[in-house]
Amino acid sequence: MPQNKGIKISMSKSTLSIISESIKTIFNKPFFFIFLNLFIINLAVIGVMNLRYPLIGHDFTYALPSLLDNAIHFRQNGFSIQWFTPTFGGGIPSFANPNNIQFSLPALLILIMPPWSAIITYTIIYITIGFLACYYFLYKTLNMHWTSSVLGALFFSINGFCISRITPGEVPFLSLALFGLYLIPLFDKKMPNIISIPMLGSMIGIFIYSAAYYILVIFAISILITAALIYLLFPMVIEWKKTIQTAVLGGALGLVISLSKLAAIGAFMRQFPRLAADELPTTFLNGSLALVLEILGVMSMVPIYILGGLDPHTFPTLTRQFSNSHYGLWELDSSLTPVVFAILLIQLIDIVKYRTYLRKTTTSQKIGILCFLFFTWVGVEFVTAQGFIYPNIRHLPILSSLRANMRFAGIFIFPLAFLSASIYNRWRKQWNKRKQINTFIFVNLLALLPLGFYFSFKEDMYWQFYDIAGANKIYTEINNGKSFEVTSIGVVDGKNTGAMLYRTSNLNVYEPIFGFKLENFHHRLVSGSIWQKTDGYYNMTNPMGFLYPTGNNYKAFDRFELKDKEKMGLFAKHIQPEWEIPLYQKAINYISAFATIGAITSLLFGSIFFSLRRANRNKI
């Protein structure tokens, strides 16, 4: 009996030893923490998006009907350009609308799953890819330790910019999560040009077709700030000649891929220029303070308000006062986890106290610091709409159409996350292995905790008043093969959603291109059947006048003539008639299509060749 007892004790010790070693192995591998972080981040973001389900964010009243309308087009016409839609506004442009996202991931997902499931899936995919891309960039490209790389990806991925903009329904703004996918082809010197150039070009094309043009401006300035930081902190890792080559050629390829969309947008916007650049009536100093408050956002300001006994629902008021703006929380929250600011503050105190870094600064590093400060200054000017540079360029194309300059706070999200992760990576080198893992676990969990403050609001902070039931009903009817033929014109309940449900093209269309108060929507229609005849015209707008009036003898808001009965009948059924598209637009369509196919082909074969060559090198 004593011997059996000894055997049992020995076996128990052996089992505990195996479990202990397994735990140590897990905690010494990045995969566990990557999975855990992604699970928690996605769970938190989806939770915020569903705080009032089945009521969801107000801007989904625009996004979901548009995506469902695209789905009807694909069902009727196959995978082709939806030039115009009869569903909204009595007949308006679709593909040429810069806000249209017909060729995007959400538009493809909504073909195979219900609308809200498509949006949730899209959110998970973008956050996941974005996290992994950041981790790859820090770990593989910059050779940071895996613990620092996981933290860097985490610091970036839990940002208020994405959370507070996907929640109300600003679908294209989630593209900020993919920032890492731009950094890899630009700065990874091990990636051959046959991969990096088409990868960058494809990403630019994806963003433009996904209406993420605002994000492209954010990325451009953010990449310049990041490049300056890389030059300072990792000078030997990057081949700048290759970076510039990839930026120029990849950028050119991206423009060619996007040329079809850009040409159509240009034809439309010539008649409806959207001049919306901000002129915030505030000082540069107050605007800068508003930027600081926006970067602190929910994850830092809410706990401060709670600890101070103040109502956390009122904290955006302070940001509004400094920026002298009227924006809601979704435009004023670009927060990062407070851990980022704690790391930066500790490092700043160290620099001020010992001044060791300043004494060791070389001439080239001083140049890097000046570049970093200059690009940072440019970013601040974009946010505040004040200064010397932005006021002189805000009237340029694209910039003149971008409202809500507070969105440009997104410029600073990755640089701040990257800088704090780089500082942590330097600290880590001074610790033994056990302290490295223990500290990493502690910092990781501490960084995640502030996500909980997004659930501390008892009031609706994101205007989640759009009932998903209407969109679900439309989706079900599409799948059941119901006809969505437009039969009448009128003012309908539910605006764009109601237009689809009642087959009535709505005169109270929700379309920002025509102004938020429809001040530029000068239709010539009346409520009633589309087949009503007045002065030789039917009661439906011929949308060709919006795009190519010169070659087709139409003007904006002209109605279908009686001789176009067959064409209008097809249009009302969502079947593409033979639109008289100019030859130059048709040629550009083919150029963009061939460029897209070429980029995808180069990516596929380049990746295969590169992988095989690396495998053979490893064997040798």
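Here the structure is a predicted model, which means the values were calculated and not measured.

Let us look at the overall build of the protein chain. A tally of helices and strands in the protein chain yields 26 helices and 10 strands. What you see for the protein chain is a C-alpha radius of gyration of 27 Å, in line with the 25 Å of a compact globule of 620 residues. Dimensions of the protein chain, computed from the C-alpha atoms along their principal axes, are close to 100 × 75 × 65 Å. Within the protein chain, the proportion of its 620 residues that are buried is 55%. A separation threshold of at least 6 residues defines the contact pool for the protein chain, and within that pool the share at least 24 residues apart is 77%. Where the 50 positive side-chain charges of the protein chain centre and where its 29 negative ones centre are 17 Å apart.

Take empty space enclosed by the protein next. On inspection of all chains with the given rule, the structure shows five cavities of 30 Å³ or more. As a volume, the largest cavity reaches approximately 120 Å³. If you trace the largest cavity, you find 16 residues lining it, with Tyr-62, Ser-66, Phe-88, Asn-97 and Glu-511 closest to the centre. In terms of residue count, helix α3 (residues 60-77) provides more of the lining of the largest cavity than any other element does, four residues in total. Quantified by volume, the second largest cavity comes out at close to 70 Å³. Considering the residues around the second largest cavity, the lining is formed by Val-45, Tyr-126, Ile-127, Gly-130, Phe-131, Phe-156, Ser-157, Asn-159, Cys-162, Ile-163 and Ala-177.

The residue Leu-449 is located in the loop between α20 (433-448) and β4 (466-467) in this model. Assessed through its relative accessible area of 60%, Leu-449 is described here as exposed. Along the sequence, Leu-449 and Ile-40 sit 409 residues apart, while their C-alpha atoms lie 10.0 Å from each other.

Here the focus is the sheet that holds strand β6 (residues 504-506). Consider a sheet: its strands pair through backbone hydrogen bonds, and that pairing is either parallel or antiparallel. Reading across from one edge, β6-β5-β7 is the order of the three strands in this open sheet, with mixed pairing throughout. Edge strands, defined here as strands with exactly one partner in the open sheet, are β6 and β7 (528-529). Sheet topology note: the strand β5 (residues 488-490)/β7 ladder contains two bridges and is antiparallel. Within β7, the residue paired with Ile-489 across the bridge is Gly-528.

Strand order in the open sheet made by the three strands is β8-β9-β10, with antiparallel pairing throughout. With partners counted over all chains shown, the strands left at the sheet margins are β8 (533-534) and β10 (559-561), one partner each. Two strands pair when backbone bridges link them, and β8 and strand β9 (residues 537-541) are joined in this way by two bridges, in the antiparallel orientation. In the strand pairing of β9, Thr-534 is matched with Tyr-537. Lying on the sheet, helix α25 (residues 565-572) is in contact with β9 and β10; it crosses β9 at an angle near 30 degrees.

Enumeration over the complete set of coordinates arrives at zero disulfides. The thiol of Cys-134 is not disulfide-bonded; the next cysteine sulfur, from Cys-162, is found 10 Å away. Judged by its relative accessible area of 1%, Cys-134 is buried.

On to the pattern of salt bridges, then. On inspection of all chains with the given rule, the structure shows 10 salt bridges. The shortest N-O distance in the salt bridge between Asp-558 and Arg-524 comes to 2.6 Å. Of this pair, Asp-558 sits in the loop between α24 (549-552) and β10 while Arg-524 sits in the loop between β6 and β7; the two residues are 34 residues apart in sequence, bridging distant segments of the chain. For Asp-558, a relative accessible area of 15% corresponds to the buried category.

A cluster of nonpolar side chains, Phe-79, Leu-108, Leu-111 and Ile-112, forms an exposed patch at the surface whose accessible area comes to about 430 Å². Relative to the helices and strands, Leu-108 resides in helix α4 (residues 105-109).

Attention now moves to the nonpolar core. Core analysis: the largest hydrophobic core is formed by 191 residues, its most contacted members being Trp-83 and Leu-142. In terms of residue count, helix α5 (residues 115-141) provides more of this core than any other element does, 13 residues in total. Non-local contacts of Leu-142, meaning those with residues more than four positions away in its chain, are made with Phe-137, Ile-230, Phe-234, Val-237, Ile-238 and Phe-418.

What follows deals with the pairing of β9. Consecutive side chains of a regular strand alternate in pointing toward one face of the sheet and then the other. In terms of burial, β9 is a largely internal element, four of the five residues being buried. Counting the residues that bridge the hairpin from β8 to β9 gives two residues, and of these Asp-535 lies at a positive phi of roughly 55 degrees. The pairing of β9 with β10 spans two bridges and is classified as antiparallel. Paired with Thr-541 across the bridge in β10 is Arg-559.

Spanning 16 residues, helix α19 (residues 413-428) covers 23 Å between terminal C-alpha atoms, matching the ideal 22 Å at 1.5 Å per step. With 13 of 16 residues buried, α19 is to be regarded as a mostly interior element.

Turning our attention to the packing of aromatic side chains. Aromatic ring pairs are defined here through the distance separating the ring centres and the angle between the ring planes. Scanning all chains against the criterion turns up 53 aromatic pairs. With 5.4 Å between their ring centres and 70 degrees between their planes, Tyr-62 and Tyr-510 make a pair best called edge-to-face. Here Tyr-62 is found in helix α3, whereas its partner Tyr-510 is found in the loop between β6 and β7, with 448 residues between them in sequence. On the basis of relative accessibility, which here comes to 13%, the residue Tyr-62 falls in the buried class. Aromatic pair Tyr-214 and Phe-408: ring centres 4.9 Å apart, planes at 40 degrees, arrangement tilted. Taken together, the residues span a long stretch of sequence, with Tyr-214 in helix α10 (residues 213-233) and Phe-408 in the loop between α18 (390-393) and α19 at a distance of 194 residues. Residue class for Tyr-214 comes out buried when judged on its relative accessible area of 3%. A connected cluster of aromatic rings, assembled from ring pairs, spans Phe-137, Phe-156, Phe-179, Tyr-182, Phe-187, Phe-207, Phe-219, Tyr-231, Phe-234, Trp-240, Phe-414 and Phe-418.

How each quantity is defined
- Residues numbered from 1 in each chain as written.
- Predicted model: local features only at pLDDT ≥ 70, side-chain atom pairs only at ≥ 80, totals over all residues.
- Heavy atoms only, no water.
- Helix = DSSP H or I, 4+ residues; strand = E, 2+ residues; numbered from the N terminus.
- Rg over C-alpha atoms; globule rule 2.2 N^0.38 Å.
- Buried < 20%, exposed > 50% of the residue type's maximum accessible area, 1.4 Å probe, protein only.
- Contact = heavy atoms within 4.5 Å.
- Lys, Arg positive; Asp, Glu negative; His and termini not counted.
- Charge placed at Lys NZ, Arg CZ, Asp CG, Glu CD.
- 1 Å grid on protein atoms, 1.4 Å probe; cavity = no way out; pocket = protein on both sides within 12 Å on 5 of 7 lines; lining within 4 Å.
- Points joined across faces, edges and corners; volume = space filled by probe spheres on them.
- Pairing = 2+ DSSP bridges.
- Axes fitted to C-alpha atoms, helices over the stretch in contact; angles between N-to-C directions.
- Disulfide = S-S within 2.5 Å.
- Salt bridge = Lys/Arg side-chain N within 4 Å of Asp/Glu carboxyl O.
- Patch = residues over 30% accessible without salt bridge, like charges linked within 9 Å, V, L, I, M, F, W, Y side chains within 5 Å.
- Areas by Shrake-Rupley, 256 points an atom, 1.4 Å probe, with all protein chains shown as cover.
- Core = buried A, V, L, I, M, F, W, Y, C linked by side-chain atoms within 4.5 Å.
- Expected span 1.5 Å × (residues − 1).
- Phe/Tyr/Trp six-rings, centres within 6.5 Å; stacked < 30°, edge-to-face > 60°.

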